[in-house]
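What follows is each chain in one-letter form.
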Number of protein chains: 2
Amino acid sequence: MRPERPAPLAKQGRGPSMHDVAARAGVSHQTVSRVLNDFPGIRPETRERVQAAIRELGYRRNMAARALATGRSEVIGVIMPEVPHFGPTSTLYAIEHAAKQVGFKPLITTASWDSESMGEALDFLLGRAVDALVVMAQHPDVLAAVDAITDVPVLFVLTGNSHAERSVAVDQVAGTRLALDHLYSLGHRRFQHITGIAGLTEAQLRRDTFLEFLDEHGLERLPVLEGDWSADAGYRAGLEVEEGVTALFVANDPMAIGAIHALEERGLSVPRDISVVGFDDVPESAYAHPGLTTVHQDFAAVGLRAVSLVFAAINGKEPGPVEPIEPWLVVRDSTAPVRA
Amino acid sequence: MRPERPAPLAKQGRGPSMHDVAARAGVSHQTVSRVLNDFPGIRPETRERVQAAIRELGYRRNMAARALATGRSEVIGVIMPEVPHFGPTSTLYAIEHAAKQVGFKPLITTASWDSESMGEALDFLLGRAVDALVVMAQHPDVLAAVDAITDVPVLFVLTGNSHAERSVAVDQVAGTRLALDHLYSLGHRRFQHITGIAGLTEAQLRRDTFLEFLDEHGLERLPVLEGDWSADAGYRAGLEVEEGVTALFVANDPMAIGAIHALEERGLSVPRDISVVGFDDVPESAYAHPGLTTVHQDFAAVGLRAVSLVFAAINGKEPGPVEPIEPWLVVRDSTAPVRA
DNA sequence: CGGGTGAATGTTACCGTCAACATGTTATCG
DNA sequence: CGATAACATGTTGACGGTAACATTCACCCG
């Protein structure tokens, strides 16, 4: 199962074309085209005849030909990270749904953030004449790799609002502060943080904001624990949480769940001994044990807004600056006031 | 943001074509084509010159034209359910990865299982001249809706091995029996089940097998609790679990997590008072509280095998019957021997 | 009642690529 | 040394649509 080059080509007889329909309806192929595209000035009776022919032949428009002639494909290219985490996946679904509403479909490809991988992804999508590009730019390098593209409108997503220019994102700084303010207001003063994958913009923003917050409040900087978004990593990091820490801010929910598991194994009770806040609000977090306090990110809104902007750009309207999407805090049982 | 018909067409100047490259390299466009497609019999020096021209112009093959000329698009159409659950999503990623290895990419669309929605999805994908179709057929009706398609190889996925014909699936009956045998061997005799979305093949198979199992062992049929795959539904169902039940088989992990939450709220301890088995083995299940015993489904294998079969079919090789993919049981802490 | 007008439809060229066939150019060999 | 492969490349015509322009016809009006 390796990539063959001159592929055997299992010639599958093509379906009927416009000409076939035209012949059957006794009109010219152009008239068929006009019916298909809802052009005015077709006699109802003619339209009827054409539509009948279409139905009878089971005709289906060839979008490759249409794309060739018009230069448009009604497809939006989407570049995703290679690992299917909750955020990208949710956003993808939202994009798919929103795109469908306006007659577009996504053409998906995955890429890591090195420029070679991105280059391949771009070649693939642009070669398909996608009408626009939505790039999940979780890593700063991605922006550079895509920068040269001018063939087509490009929109970045999941950039943590660090590149407001052409990007739709949940405000990571605001989300992080929501979590930390909550813990601080419960009286906690000894904080630790478990990060997401090093280098990813969102992980970096949460981490930087965490450290900023500590400094602002004159709190001690305990070691930051490195994670990779996975529950496994959260578990391992949870084993390393320092004695005396009462507030643990974890960069996403799965890691938080892993970490809580580790803490309990160590005999620490959440939230009695230590409060934990996650990030994302995955559906299971409400039923974790204890229910996980977390920052909700509205990925559906991200997808919707992304498509709406992309659609505007495709139609030549250049919209104004984009506001970040505001996250909100969901307080559950994994956080409690610090013990006296 | 509604679907406009005659769309304004933001004319974006097209990129260079083969002719431009040919002119620059001082050869004919056909020679360019040959270089691009790795045809033999090109003088190395000529090849060099063409490749230089390609690089200099930033030429990119127009796949719409290629698709039109060859009738192939190197794209696999994928029809997904509208709600992004773990199984379909994981499978999608696996398909994307496997497809990439053989030079294909997925074109995704979602559809519910009614024939109208499926019809639209099919029109869209076949209009794009996809080379093959992978349909996530979670509902029996889907099979009927897609049945008429002969233009292109079609493969079903996630059918729970109920339609072995043209389908790749994890064996649901086997998986269910793994879970139930485990519980039975621990001494449990009072079972209850929380189902997935009514009507979906996988949910149905798990449920039917559950009932069969009860009958085979002469166990009482307590009411089956209706769920919908969501942790929420699991929680609600968990509130309804009957007194005296010691073994709860839940149709997926998120619902199991929700159910456990409900049981603990009711003062029942898992696994002391009641053992719970889930299905799917989502990554967080290992760190649920208690660690969830569950049936692991290898979605990566499903995706891989699906692509491999589809690829074979595209190249005209009709492969033999497909073996189902075997799930396995992962025993963790949510199951224990029944108390004496 | 002839020309103008607009509605309905037809004709032709072109989008960028591949496939089939045609041509030109070297080596090869009797 | 001329016929003849074998190789390297060029030319032409699909593929199935869309767009621009051309045509036909009926009708209206001065």
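Above this text is the structure in question.
These figures come from a predicted structure and were not determined experimentally.

J.: In this structure, what is going on with the sheet that holds strand S10 (residues 328-330) of chain A? I would like to understand it.
T.: Adjacent strands of a sheet pair through backbone hydrogen bonds, lying either parallel or antiparallel. Residue and element names in this part refer to chain A. Here five strands make up an open sheet; going across it, the order is S6-S7-S8-S9-S10 and the pairing mixed. Strands at the two margins of the open sheet, each flanked by one partner only, are strand S6 (191-194) and S10. Taken pair by pair, the neighbouring strands of this sheet meet at an average axis angle of 20 degrees, ignoring direction. Bridging between strand S7 (residues 247-250) and strand S8 (residues 275-280) involves three bridges; their strand directions are parallel.

J.: It is not clear to me how helix H1 (residues 18-25) of chain A should be interpreted in this structure. Could you clarify?
T.: For an α-helix the count is 3.6 residues per turn, leaving residues at separations of three or four pointing the same way. Residues and elements named next belong to chain A. By the burial criterion, the buried members of H1 are Met18, Val21, Ala22 and Ala25. Down the axis of H1, the buried side of the element spans an arc of 100 degrees, and every buried residue falls inside it. With respect to the buried face of H1, the exposed residues turned more than 90 degrees away are His19, Ala23 and Arg24. Where H1 is buried, its residues meet helix H2 (29-36) and helix H3 (44-57). Gly26 sits one or two positions beyond H1 and adopts a positive phi of about 70 degrees.

J.: Help me out: how do you make sense of the environment of A:Phe279 in this one?
T.: All names here are of chain A. Secondary-structure assignment places Phe279 in strand S8. For Phe279, a relative accessible area of 0% gives the class buried. For the pair formed by Phe279 and Pro254, sequence separation is 25 residues and the distance between their alpha carbons is 8.8 Å. The contacts of Phe279, once residues within four sequence positions are left out, are Gln172, Gly175, Thr176, Arg206, Phe249, Val250, Ala251, Asn252, Asp253, Thr294, Val295 and Gln297.

J.: I would appreciate a short explanation of a negative patch on the surface in the present structure.
T.: Among the surface-exposed residues, A:Asp114, A:Glu116, A:Glu120 and A:Asp141 lie close enough to one another that they form a single negatively charged patch. Mapped onto the fold, A:Glu120 is located in helix H6 (residues 115-127).

J.: What am I meant to see in the interface of chain B and chain A here?
T.: For an interface, size is often stated in terms of accessible area lost upon the parts coming together. Counting residues at the interface gives 78 residues for chain B and 79 residues for chain A. The interface formed by chain B and chain A contains six salt bridges. Here chain B and chain A share 17 residue pairs in polar contact (both at pLDDT 80 or more) between them. Within the residue set of the side of chain B that touches chain A, elements represented by two or more residues are helix H4 (63-70), strand S1 (75-80), helix H5 (86-101), strand S2 (105-110), helix H6 (115-127), helix H10 (231-240), helix H11 (253-265) and helix H12 (299-314) of chain B. When residues of the side of chain B that touches chain A are assigned to their parent elements, the largest contribution, eight residues, is made by H4(B).

J.: Just to check I follow, could you spell out the packing of aromatic side chains for this structure?
T.: A ring pair, where both rings are aromatic, is described by two values, the distance of the centres and the angle of the planes. In the structure shown here, the tally under the stated rule is 14 aromatic pairs over all chains. Relative to A:Phe311, the ring of A:Phe104 has its centre 5.9 Å away and its plane inclined at 80 degrees; by these criteria the two rings are edge-to-face. Note that A:Phe104 is positioned in the loop between helix H5 (86-101) and strand S2 (105-110) and A:Phe311 in helix H12 (residues 299-314), a separation of 207 residues in sequence. Neither residue differs from the other here; A:Phe104 and A:Phe311 are each classed as buried. The interplanar angle of 80 degrees and the centroid separation of 6.0 Å between the aromatic rings of B:Tyr184 and B:Phe213 together place this pair among those described as edge-to-face. Taken as a pair, B:Tyr184 in helix H8 (residues 172-185) and B:Phe213 in helix H9 (residues 201-216) lie far apart in primary sequence, 29 residues in all. On the basis of relative accessible area, B:Phe213 is assigned to the buried category, the value being 0%. Through pairs of rings, three or more aromatic residues link up here, namely A:Tyr184, A:Phe191 and A:Phe213. A cation over an aromatic ring shows up here: A:Arg189 above the ring of A:Tyr184, its NZ or CZ 3.6 Å from the ring centre.

J.: Quick question: what am I supposed to make of the sheet that holds strand S7 (residues 247-250) of chain B here?
T.: Residues and elements named next belong to chain B. Ordered by their spatial adjacency, five strands build an open sheet running S6-S7-S8-S9-S10, and the pairing between neighbours is mixed. The open sheet has two edge strands with one neighbour each: strand S6 (191-194) and strand S10 (328-330). For this sheet, the mean angle separating the axes of adjacent strands, direction not counted, is 20 degrees. Bridge count between strand S9 (residues 293-296) and S10: three bridges; the pairing is antiparallel. Bridge pairing in S10 links His296 to Trp328. Against the sheet, H11 contacts S6, S7, strand S8 (275-280) and S9, and its axis sits at roughly 160 degrees relative to S8.

J.: Which parts of the structure should I look at to understand the protein's contact with DNA strand D?
T.: Around DNA strand D there are 28 residues in total, and A:Gln30, A:Ser33, A:Arg66, B:Ser28 and B:Thr46 lie nearest to it. Those atoms of DNA strand D that come within 4 Å of the protein belong to sugar or phosphate at a rate of 59%. At a separation of 3.2 Å, a phosphate oxygen of DNA strand D approaches a polar side-chain atom of A:Asn37. Within the side chain of A:Tyr59, an N or O atom sits 2.8 Å from a phosphate oxygen of DNA strand D. Those elements that provide at least two residues to the surface near DNA strand D are H2 and helix H4 (63-70) of chain A together with helix H2 (29-36) and H4 of chain B. The element that contributes the greatest number of residues to the surface near DNA strand D is H4(A), accounting for five residues. Among the residues making up the surface near DNA strand D, the classes are represented as nine nonpolar, 13 polar and six charged.

Cut-offs and rules
Residues numbered from 1 in each chain as written. Chains lettered and ligands numbered in written order. Predicted model: local features only at pLDDT ≥ 70, side-chain atom pairs only at ≥ 80, totals over all residues. Heavy atoms only, no water. Pairing = 2+ DSSP bridges. Helix = DSSP H or I, 4+ residues; strand = E, 2+ residues; numbered from the N terminus. Axes fitted to C-alpha atoms, helices over the stretch in contact; angles between N-to-C directions. Buried < 20%, exposed > 50% of the residue type's maximum accessible area, 1.4 Å probe, protein only. Arc of directions from axis to C-beta. Contact = heavy atoms within 4.5 Å. Patch = residues over 30% accessible without salt bridge, like charges linked within 9 Å, V, L, I, M, F, W, Y side chains within 5 Å. Areas by Shrake-Rupley, 256 points an atom, 1.4 Å probe, with all protein chains shown as cover. Salt bridge = Lys/Arg side-chain N within 4 Å of Asp/Glu carboxyl O. Lys, Arg positive; Asp, Glu negative; His and termini not counted. Charge placed at Lys NZ, Arg CZ, Asp CG, Glu CD. Polar contact = N/O pair within 3.5 Å; in protein donor to acceptor, adjacent residues only side chain to side chain. Phe/Tyr/Trp six-rings, centres within 6.5 Å; stacked < 30°, edge-to-face > 60°. Lys NZ or Arg CZ within 6 Å of the ring centre and 35° of its normal. Near = heavy atom within 4 Å. Nonpolar A, V, L, I, M, F, W, Y, C, P; charged D, E, K, R; others polar.

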